[in-house]
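Each chain is listed here by its residues.
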Amino acid sequence: MNKIINYTLLFFLLLLSSCAYEPILNNKNYGFSINVDKINGDQKINSIIIKNFNNLKSKEKKYDLTISSTKEKNIISKDSKGDPSIFKLMINVNYRVEKDGKTLIVNKINKKTTYNNITDKFELENYEKNIINQLSKSVSDKIINSISEIHE
């Protein structure tokens, strides 16, 4: 009975170790680069988005991008004292992709999340920065994917 269990565990261990997980966007060569022409809105969000485009340095095709971003932080609920207990953070990004003066894509991406208030304001600020970072990276990934769909 123990041999069957041992062989079964060994089989599952080998099965799991042979899984070839690779992040979708990290190692993919898209064959294009993005040149950011105009930037409006929140500087933090825009800098994170542009930073993710730095990995795309192909000389084959270059797309011009115009970005406009906004960030909204709203109070969703308050506690019995009237202090905020739940926040909603929304990031809105409008973008336009052009090539050789022709507009190829005009789109808007909205990302939002809710989170609980933290009594330590320094910790709350760091948590919000982390949320903005993750949402902005998600937006840049969506922009890259939308360009890769028309690039093919």
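See above for the structure.
Below or above, wherever it landed, is the structure these notes cover. (Residues numbered from 1 in each chain as written. Predicted model: local features only at pLDDT ≥ 70, side-chain atom pairs only at ≥ 80, totals over all residues. Heavy atoms only, no water.)

1. Some words on the pattern of salt bridges
Line of reasoning, step 1. The full count for this structure, using the stated rule, is 3 salt bridges.
Line of reasoning, step 2. A salt bridge links Arg-96 to Glu-98, with the nearest nitrogen and oxygen atoms 2.9 Å apart.
Line of reasoning, step 3. Lys-129 serves as the salt-bridge partner of Glu-125, at 3.6 Å between the closest nitrogen and oxygen. Taken together, the residues span about one helical turn, with Glu-125 and Lys-129 both in helix H3 (residues 121–151) at a distance of 4 residues.
Line of reasoning, step 4. Under the relative-accessibility criterion, Lys-129 is labelled partly exposed at 39%. (Salt bridge = Lys/Arg side-chain N within 4 Å of Asp/Glu carboxyl O. Helix = DSSP H or I, 4+ residues; strand = E, 2+ residues; numbered from the N terminus. Buried < 20%, exposed > 50% of the residue type's maximum accessible area, 1.4 Å probe, protein only.)

2. Re the nonpolar core
A general trend in soluble globular proteins is that nonpolar side chains are found buried together.
Line of reasoning, step 1. Ranked by size, the top nonpolar core spans 28 residues in total, and within it Ile-34, Ile-49, Phe-53, Leu-65, Ile-143 and Ile-147 carry the most contacts.
Line of reasoning, step 2. Of all the secondary-structure elements, those providing two or more residues to this core are strand E1 (32–41), helix H2 (43–53), strand E2 (61–78), strand E3 (84–99), strand E4 (102–116) and H3.
Line of reasoning, step 3. Top element by residues in this core is H3. It accounts for 8 residues. (Core = buried A, V, L, I, M, F, W, Y, C linked by side-chain atoms within 4.5 Å.)

3. Let's talk about the sheet that holds E2
Line of reasoning, step 1. Ordered in space as E1-E2-E3-E4, the 4 strands form an open sheet in which the pairing is mixed. For this open sheet the edge positions go to E1 and E4, each flanked by a neighbour on one side alone. Taking the axes of each pair of neighbouring strands and ignoring which way they run, one obtains an average angle of 25° across the sheet.
Line of reasoning, step 2. Where E3 lies against E4, 14 bridges are found, and the strand directions are antiparallel. In the strand pairing of E4, Ile-86 is matched with Asn-116. (Pairing = 2+ DSSP bridges. Axes fitted to C-alpha atoms, helices over the stretch in contact; angles between N-to-C directions.)

Any functional reading would require information beyond the geometric quantities listed.
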